[in-house]
Amino acid sequence: MPPAASMPELANAREVARGIQRLFARNDIWCVPEMPLRGGRRADLMGIDAKGKVIIVEIKVARADLAGDGKWPDYLDHCDRFFWGVPPHLDRAMLEQDSHRPDCCGVIVADGYDAEILRPAPLRALAAARRKVEVEALARAAMRRFTWAGDEATQGWGRIDG
């Protein structure tokens with residue numbers, strides 16, 4: 001999601017995220033939204049499947065955002081599988097171009113209710129040590145958010161960069 005996203009784009013991105021999270025939950029994949037990564041990037045959704053593989057979904061709801069995003073290849077170093085998450089109305093032709101690496105990126109179409117994988121993301125296995133770092137960061141982020149949700153006094157404590 002772009003940092004300066006308009007309100008309709010932000011709402012649309014939240015709906016896409018919710019649909020993807022529902023699809024993933026049915027398939028025993030659990031995600032954390034807005035997950036900070038090393039190097040200053042932030043994954044729209046980052047999760048772990050039942051086999052311990054790390055998945056990142058980059059959500060795009062506007063053609064201009066999809067065309068102008070040059071940072072997305074950085075995410076490939078943090079996951080075993082990478083997906084583009086888009087709403088049904090977005091023209092997906094760009095996702096078939098070499099610039100968006102259809103050879104290593106899956107595509108999920110989602111709305112606020114559900115999602116469908118149009119192109120599975122091929123497995124690009126992380127090194128075991130790198131996967132351990134990513135899984136631990138995800139676990140800590142999830143536990144931190146859970147604690148903050150249950151006790152407002154703890155909000156702001158601890159590192160928030162992953």
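A brief report on the enclosed structure follows. Please read these numbers as outputs of a predicted model, since none were measured by experiment. Here the residue numbering is sequential within each chain, running from 1 through the sequence in written order. Two thresholds apply to this predicted model, a pLDDT of at least 70 for residue-level local features and 80 or more for giving and counting side-chain atom pairs, whereas whole-chain, interface and lining totals are computed over all residues. Side-chain numbers come from the whole structure's heavy atoms, not from hydrogens or water.

Here the focus is the overall build of the chain. The helix and strand inventory of the chain stands at three helices and six strands. Overall, the chain shows an N-to-C arrangement of helices and strands of α-β-β-β-α-β-β-β-α. Against the globule reference of 15 Å for 162 residues, the chain gives a C-alpha radius of gyration of 15 Å, in line with a compact fold. Considered along the principal axes of its C-alpha atoms, the chain spans approximately 45 × 40 × 30 Å. Only protein chains enter the calculation, and the probe is 1.4 Å; a residue is then buried if its accessible area is under 20% of its type maximum, exposed if over 50%, and partly exposed in between. Counting only residues that meet the buried cut, the chain has 43% of its 162 residues in that class. Excluding contacts between residues fewer than 6 apart, the proportion of contacts in the chain whose partners are at least 24 apart in sequence is 58%. Throughout, the Shrake-Rupley method with a 1.4 Å probe supplies accessible areas, and for residues the shown protein chains are the sole cover considered. Accessible surface computed for the chain: about 8700 Å², of which carbon and sulfur atoms make up 55%. We treat Lys and Arg as the positive residues and Asp and Glu as the negative residues; His and chain ends play no part in the count. By convention, the charge on Lys lies at NZ, on Arg at CZ, on Asp at CG and on Glu at CD. Here the chain carries 24 positive and 24 negative side-chain charges, and the mean point of each set is 4 Å from the other. Strands here are runs of E lasting at least two residues and helices are runs of H or I lasting at least four, both read from the DSSP assignment and numbered beginning at the N terminus. Only C-alpha atoms enter the radius of gyration, while the globule expectation follows 2.2 Å times N to the 0.38, with N the number of residues. We call two residues contacting when some pair of their heavy atoms lies within 4.5 Å.

What a helix should span is 1.5 Å times the count of its residues minus one. An ideal rise of 1.5 Å per residue puts 33 Å on 23 residues; helix α3 (residues 128-150) measures up with 33 Å between its terminal C-alpha atoms. Buried positions along α3 lie against β1 (30-36), β2 (42-48) and β3 (54-59).

Bringing the pattern of salt bridges into the picture now. Salt bridge, as applied in this entry: a Lys or Arg side-chain nitrogen positioned within 4 Å of an Asp or Glu carboxyl oxygen. By the definition in use, this model includes ten salt bridges. The salt bridge partner of Arg26 is Asp114, with a shortest N-O separation of 2.7 Å. Of this pair, Arg26 sits in helix α1 (residues 7-26) while Asp114 sits in the loop between β5 (105-110) and β6 (115-119); the two residues are 88 residues apart in sequence, bridging distant segments of the chain. Here Arg131 ties to Asp80 by a salt bridge, and the two come within 2.7 Å at their closest N and O atoms. You can see Arg131 sitting in helix α3 and its partner Asp80 sitting in the loop between α2 (63-68) and β4 (81-86), a full 51 residues away along the chain. On the basis of relative accessible area, Arg131 is assigned to the buried category, the value being 15%. By relative accessible area, Asp80 is classed as buried at 1%.

This paragraph deals with the nonpolar core. Here, the term nonpolar core denotes a set of buried Ala, Val, Leu, Ile, Met, Phe, Trp, Tyr and Cys residues that are joined through side-chain atoms within 4.5 Å. Of all hydrophobic cores here, the largest spans 26 residues; its most connected members are Met35, Met46, Ile56, Trp72, Phe82 and Trp84. When neighbours within four sequence positions are excluded, Trp72 is seen to be in contact with Phe82, Trp84, Ser99, His100, Arg101 and Cys105. If you look at the next biggest cluster of nonpolar residues, it comprises 18 residues, including Ala13, Ile55, Ile108 and Ala110.

With mixed pairing, the six strands of this open sheet are ordered in space as β1-β2-β3-β4-β5-β6. Where the open sheet ends on each side, the last strands, each with one partner, are β1 and β6. In this sheet, neighbouring strand axes are inclined to one another by 30 degrees on average, regardless of whether the strands run parallel or antiparallel. Any two strands with at least two DSSP-identified bridges between them are counted as paired. For β1 and β2, the ladder comprises six bridges, and the chain directions are antiparallel. Looking across to β2, one finds that Pro33 is bridged to Leu45. For every element, the axis is a line fit to its C-alpha atoms; helices are fit only across the contacting stretch, and the angle between N-to-C directions ranges from 0 to 180 degrees.

This next bit is on the environment of Arg130. Relative to the elements of secondary structure, Arg130 occurs in helix α3. Given a relative accessible area of 29%, Arg130 falls into the partly exposed group. For Arg130 and Asp114, which are 16 residues apart along the polypeptide, the C-alpha to C-alpha distance reads 31 Å. Arg130 has contacts with Asp77 and His78, leaving out every residue within four places of it along the chain. Under the rule applied, a polar contact is a pair of N or O atoms within 3.5 Å (in protein, one hydrogen donor and one hydrogen acceptor; residues adjacent in sequence only if both atoms are side-chain atoms). Side chain to side chain, Arg130 and Glu134 meet in a polar contact 2.9 Å long.

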